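# Structural features, examined
So the chains spell out like this:
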Protein chains: 2
Amino acid sequence: MALSALFLDIFRANALLVAAGDQLVAPLGLTSARWQVLGTVAMAPAPQPVAHIARDMGLARQSVQRLVNELVEAGLVELRENPHHRRSKLVCLTDQGRQAVASIHKLQRPWVDGLATGLDSEKIAIAAEVLQTLRQRLAQSTDESSD
Amino acid sequence: MALSALFLDIFRANALLVAAGDQLVAPLGLTSARWQVLGTVAMAPAPQPVAHIARDMGLARQSVQRLVNELVEAGLVELRENPHHRRSKLVCLTDQGRQAVASIHKLQRPWVDGLATGLDSEKIAIAAEVLQTLRQRLAQSTDESSD
DNA sequence: ACCGATTTGACAGCATACTGTCAATTCAAC
DNA sequence: GTTGAATTGACAGTATGCTGTCAAATCGGT
């Protein structure tokens, strides 16, 4: 079954991507996971609480919780009072966090460009389509067992 | 950049696949990772030492080492003397291990078939091709930093 | 045969993701 | 308004993967 082989490709690609991401942002004192959280915070149109970010990223709430706590400790994000919920603070970038995001962008672009050269954008689109279909079915079968 | 979006798809597909795999083999007292190791051992034409299995799977030697140790403890594999290397034992399936592999196969087929229905096999091939290209480039840039 | 480089497993430690549980808080139904 | 359900963060524990280091064993060049 060709699909089973694709699964192995996904496993390895995932591992290599995380490792490469770690290397890429290591000079900034970041890791792949924290980079992703920071990016999600930066992309959001408005500050969000932790649980909201987790749903955005498709991760468990507590995984993001720990990463955010660590980013707070590192001074890259800060928690502001949420007028709509006393316990659920809003995650915001600090000045230092904004600088980090900017630095990441400068590193990220040539890296992605290098990986993309020679890759047919149409094929990339097809790959993304296959993965998304897969994700939908897996999310169904996994059901609401997340968090 | 479409490729960046594909990365996120890979991350999520990977997480969902591992979660689904865990659920699939949980009735057998296995996990996704142990299942993969067991499968690699079962597929090998001849018994291999741990380090060889790790290279087969594209994982770090020590990751596989721990999983194999746990599988030994669970009675699914056993370590036999290696005539070519005194310390490096050969990993072999036990009878219980062979039964587990057979049970897994019965579970796996309908699961994969269900995921595959309606997915164009040509698109699957393209997705695999894209991921493999990606993997090659990532492996290059990551260089020999593994293990 | 010897000596250095490599491979291998053992041990220890870290980063990430998951789960389960709990109390505080908010939300919704009535 | 009150009460039960859902959300949220804190805390604790597990599984997987990585790295680094060490000693034993093998391999290779001389």
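Each remark here, short or long, concerns the structure printed above.
Reading guide: rules and limits
- Residues numbered from 1 in each chain as written.
- Chains lettered and ligands numbered in written order.
- Predicted model: local features only at pLDDT ≥ 70, side-chain atom pairs only at ≥ 80, totals over all residues.
- Heavy atoms only, no water.
- Core = buried A, V, L, I, M, F, W, Y, C linked by side-chain atoms within 4.5 Å.
- Buried < 20%, exposed > 50% of the residue type's maximum accessible area, 1.4 Å probe, protein only.
- Contact = heavy atoms within 4.5 Å.
- Pairing = 2+ DSSP bridges.
- Helix = DSSP H or I, 4+ residues; strand = E, 2+ residues; numbered from the N terminus.
- Near = heavy atom within 4 Å.
- Polar contact = N/O pair within 3.5 Å; in protein donor to acceptor, adjacent residues only side chain to side chain.
- Nonpolar A, V, L, I, M, F, W, Y, C, P; charged D, E, K, R; others polar.
- Least-squares fit on C-alpha atoms with pLDDT ≥ 70 in both.
- Buried area = accessible area lost by both parts, 1.4 Å probe.
- Salt bridge = Lys/Arg side-chain N within 4 Å of Asp/Glu carboxyl O.

A few words now on the nonpolar core. Leu-3, Leu-38 and Trp-111 of chain A together with Leu-3, Leu-38 and Trp-111 of chain B are the most contacted members of the largest nonpolar core, which totals 87 residues. Not counting residues up to four positions away in its chain, the partners in contact with Trp-111 of chain B are Phe-7 and Leu-138 of chain A together with Leu-17, Ala-20, Leu-24 and Trp-35 of chain B.

Turning next to the pairing of strand 1 (residues 77-82) of chain A. Residues and elements named next belong to chain A. In this sheet, strand 2 (residues 85-93) lies alongside strand 1 in antiparallel orientation, the contact comprising five bridges. Paired with Asn-82 across the bridge in strand 2 is His-85. Hairpin geometry of strand 1 and strand 2 is characterised by an intervening segment of two residues between the two adjacent antiparallel strands.

Further remarks concern the protein's contact with DNA strand C. Close contacts around DNA strand C come from 25 residues, with Thr-31 and Ser-63 of chain A together with Arg-61, Gln-62 and Gln-65 of chain B the closest. Protein-adjacent atoms of DNA strand C, using a 4 Å cutoff, are sugar or phosphate at a proportion of 61%. Interatomic distance of 3.1 Å between a side-chain N/O atom of Arg-34 of chain A and a phosphate oxygen of DNA strand C. Counting only elements with at least two residues in the surface near DNA strand C, the list comes to helix 2 (32-43), helix 4 (61-74) and strand 2 of chain A together with helix 3 (50-57), helix 4 (61-74) and strand 2 (85-93) of chain B. Ranked by the residues each element gives to the surface near DNA strand C, the list is headed by helix 4 of chain A, at five residues. Across the surface near DNA strand C, the residue classes tally to seven nonpolar, nine polar and nine charged.

On to the relation of the copies chain A and chain B, then. Between chain A and chain B, which share one sequence, the superposing operator has a rotation angle of 180 degrees and an axial displacement of 0.0 Å; the RMSD is 0.1 Å. What we have between these two chains is a two-fold relation. Rotation axis and chain A: the residue whose C-alpha lies nearest the axis is Ala-127 of chain A, separated from it by 2.1 Å.

Okay, the interface of chain A and chain B next. Each partner contributes residues to the interface: chain A has 49 residues there, and chain B has 49 residues. Note on chain A versus chain B: buried area summed over both sides is about 4800 Å², and carbon and sulfur give 70% of it. There are four salt bridges connecting chain A and chain B. A salt bridge links Lys-123 of chain A to Glu-129 of chain B, with the shortest nitrogen-to-oxygen separation between them at 2.8 Å. For the pair chain A and chain B, the interface holds 14 residue pairs in polar contact (both at pLDDT 80 or more). Those elements that provide at least two residues to the side of chain A that touches chain B are helix 1 (2-25), helix 3 (50-57), helix 5 (95-116) and helix 6 (121-142) of chain A. With 17 residues, helix 6 of chain A is the largest single contributor of residues to the side of chain A that touches chain B.

Turning our eyes to something else, we now look at the pattern of salt bridges. When the charged atoms of two side chains lie near each other, side chains of opposite charge can form a pair. Tallied over the full model, the rule gives 14 salt bridges over all chains. Linked through salt bridges whose partners overlap, the residues forming this network are Arg-34, Arg-66 and Glu-70 of chain A.

Here we take up the side chain of Thr-40 of chain A. Residues and elements named next belong to chain A. Relative to the elements of secondary structure, Thr-40 occurs in helix 2. A residue is classified by how much of its surface remains accessible, and Thr-40, at 17% relative accessible area, is buried. Within polar-contact distance, the side chain of Thr-40 engages the backbone oxygen of Gln-36 at 2.9 Å. Discounting residues that sit within four places of it in the chain, Thr-40 has contacts with Ile-53, Asp-56 and Met-57.

Another point: the side chain of Asn-14 of chain B. Note on placement: Asn-14 of chain B falls in helix 1 (residues 2-25). Judged by its relative accessible area of 12%, Asn-14 of chain B is buried. Residues within four places of Asn-14 of chain B in sequence aside, it is in contact with Ile-10, Phe-11 and Asn-14 of chain A.

A few words on the protein's contact with DNA strand D. The full set close to DNA strand D counts 26 residues, and Arg-61 and Gln-62 of chain A together with Thr-31, Ser-63 and Arg-66 of chain B are the nearest of them. When atoms of DNA strand D within 4 Å of the protein are sorted by moiety, sugar and phosphate together comprise 60%. A distance of 3.1 Å separates a phosphate oxygen of DNA strand D from a polar atom in the side chain of Arg-34 of chain B. When contributions to the surface near DNA strand D are tallied by element, the ones reaching two or more residues are helix 3, helix 4 and strand 2 of chain A together with helix 2 (32-43), helix 4 and strand 2 of chain B. Considering each element in turn, the surface near DNA strand D owes the most residues, five residues, to helix 4 of chain B. By residue class, the composition of the surface near DNA strand D is seven nonpolar, 10 polar and nine charged.

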